[in-house]
Amino acid sequence: MRVFEERPRPSALSFEDLALPLFDQLYNFARWLTQDKAEAEDLVQETYVKALRGFSSFQPGTNFRAWMYRILRNSFLSSRTGLKTTVLLDEEENEGLPVETATPESLLIERANREMVQRALEGLAVPFREILLLCEVEEMSYQEIGETLAIPVGTVMSRLFRARQALRVALRERIEGERRGV
Amino acid sequence: MACDEWRVKLDLYLDGELTPNEAMTVGAHLRECPGCAAAVLERVQIKRSVQIAGKRYAPDATLRMRITKTVTARSRGRIATRWRFALIPALVLLVAAFLLSAYEGRERAARQRIYSELADLHVATLASSTPVDVVSTDRHTVKPWFQGKIPFTFNLPELSGTDFSLVGGRVAYLEQSPGAHLIYQIRKHEISVFIFPEREAEVRGLSSGPARAASFNAQTWTQDGLRYFVIGDAASADILGLSKLLQDAG
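Quick look at the structure, then. (Residues numbered from 1 in each chain as written. Chains lettered and ligands numbered in written order. Predicted model: local features only at pLDDT ≥ 70, side-chain atom pairs only at ≥ 80, totals over all residues. Heavy atoms only, no water.)

1. Considerations on the pattern of salt bridges
Pairing of side chains with opposite charge becomes possible as their charged atoms draw close. By the definition in use, this model includes 19 salt bridges over all chains. We note a salt bridge from E158(B) to R139(B), for which the minimum N-O separation is 2.9 Å. Within this pair, whereas E158(B) is found in the loop between α7 (139–145) and β2 (165–174), its partner R139(B) is found in helix α7, the two being separated by 19 residues in sequence. Relative accessible area serves as the criterion here: at 24%, R139(B) is assigned to the partly exposed category. D238(B) is paired through a salt bridge with R187(B); the nearest N and O atoms lie 2.7 Å apart. Separated by 51 residues along the polypeptide, D238(B) in helix α8 (residues 236–249) and R187(B) in the loop between β3 (177–186) and β4 (189–197) bring together distant segments of the chain. A relative accessible area of 14% places D238(B) in the buried class. Three or more residues joined by partner-sharing salt bridges are found here, namely E136(A), R164(A), D11(B), D15(B), R43(B) and K47(B). (Salt bridge = Lys/Arg side-chain N within 4 Å of Asp/Glu carboxyl O. Helix = DSSP H or I, 4+ residues; strand = E, 2+ residues; numbered from the N terminus. Buried < 20%, exposed > 50% of the residue type's maximum accessible area, 1.4 Å probe, protein only.)

Set out below in structure tokens:
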């Protein structure tokens, strides 16, 4: 009997090679979006199935990570929880960057512990939460974020700015609330 | 430049979105301006705290296994895309069942993959509203239909005096290689017969004989440079019977 030789299949192998290393990050992101373990698991599963199905249409040389995140996010937005999250941002095109009004709050932020930041992130609107995660946790460039969220880079900048402002406000409220509570 | 204008650039500076020249200019300003330096400090703190707080959830091992199985199993399938989603649970079961089979080592892996693909093709074809492209019970119609569609020819058995009937045929692909897919019927059971050139690395060197793939019975053998697979939910005796007829005809 001849020994069976496995022939390398570039397209099949490369999907595995590209997609499996993203698993942990995608799950973290899914969990932040859904705020629910079972839903996040379904979302990740759905993302991989859709990505696998659509892999032939993926253009080599374009950003695979942004492509995967976009599939995950679109799946989330069409899910039951996703449909409930209203994406109402009266931004933002050609608006330029808003002028910063808050003063530096270094001392304030220093008091914020990890759990407090997590709570504040949870409380943010989904568009703010997701853009902060993509920028800070996934360390995506503005270009990549734009591809993931299907928005222009200018919108990435202004939404990110507003998201950070919203986070500052949320943290300040929490810290002051804690202080009053004590 | 007033500090307000600098402030606008601080986020871009920290996010690494400025050109090297712009970044140098901002850096120089920060060394001279305590106000902007404090603003940068605050931004770094927020960035860092989100970075730490954001890495919060880890998937558990069962999900990891499920996804790995989905990816490794499904990326090898080439069935019509609309069936892929629906067949995922079935495929996971098939793969799990194959894992229990008695075959060892690489051959087992090879068999597993091929049989799961063939089982997929079988199920997907039967579930289709147009399972066959040439509908005929006449082998003299079905066989010529394949001419020019696949790079080889084959003989089909005379079925008069048997319980088998020919339903029709279509072109099937196993890892991009075209082959013949014939559907037979016996006592309301559909049986798929696949014929591929044996030279294809995918099917080369498979040991011949009976097999079970989940709930399906299967047979495989080579003959005149062609690899035959017979697979279906009929009794193994029927699978064997059809295999014998095909072997005699070939």
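2. Some remarks on unusual backbone geometry
Residue and element names in this part refer to chain A. Unlike most non-glycine residues, Q35 shows phi in positive territory, near 60°. Relative to the helices and strands, Q35 is located in the loop between α2 (23–34) and α3 (37–54). The phi torsion at A150 lies on the positive side, around 55°, for a residue other than glycine. When its relative accessible area of 63% is taken as the criterion, A150 is described as exposed.

3. A closer look at helix α4 (residues 64–77) of chain A
All names here are of chain A. Compared with an ideal rise of 1.5 Å per residue, which puts 14 residues at 20 Å, α4 spans 20 Å between its outermost C-alpha atoms and is within 8% of the ideal. Of all 14 residues in α4, 11 are buried, a share of seventy percent or more. By the burial criterion, the buried members of α4 are F64, R65, A66, W67, M68, Y69, I71, L72, R73, S75 and F76. (Expected span 1.5 Å × (residues − 1).)

4. Observations concerning the pairing of β2(B)
All names here are of chain B. Along β2, seven of the 10 residues are buried, which leaves the element largely enclosed by surrounding structure. Judged from the two bridges that link them, strand β1 (residues 134–135) and β2 form a sheet pairing that is antiparallel. Counted as the bridge partner of V134 is G169 from β2. As paired elements, β2 and β3 share nine bridges and run antiparallel to each other. The partner of L174 across the bridge, within β3, is S177. The loop that links β2 with its antiparallel partner β3 comprises two residues; one of these, E175, has a positive phi angle of about 50°. (Pairing = 2+ DSSP bridges.)

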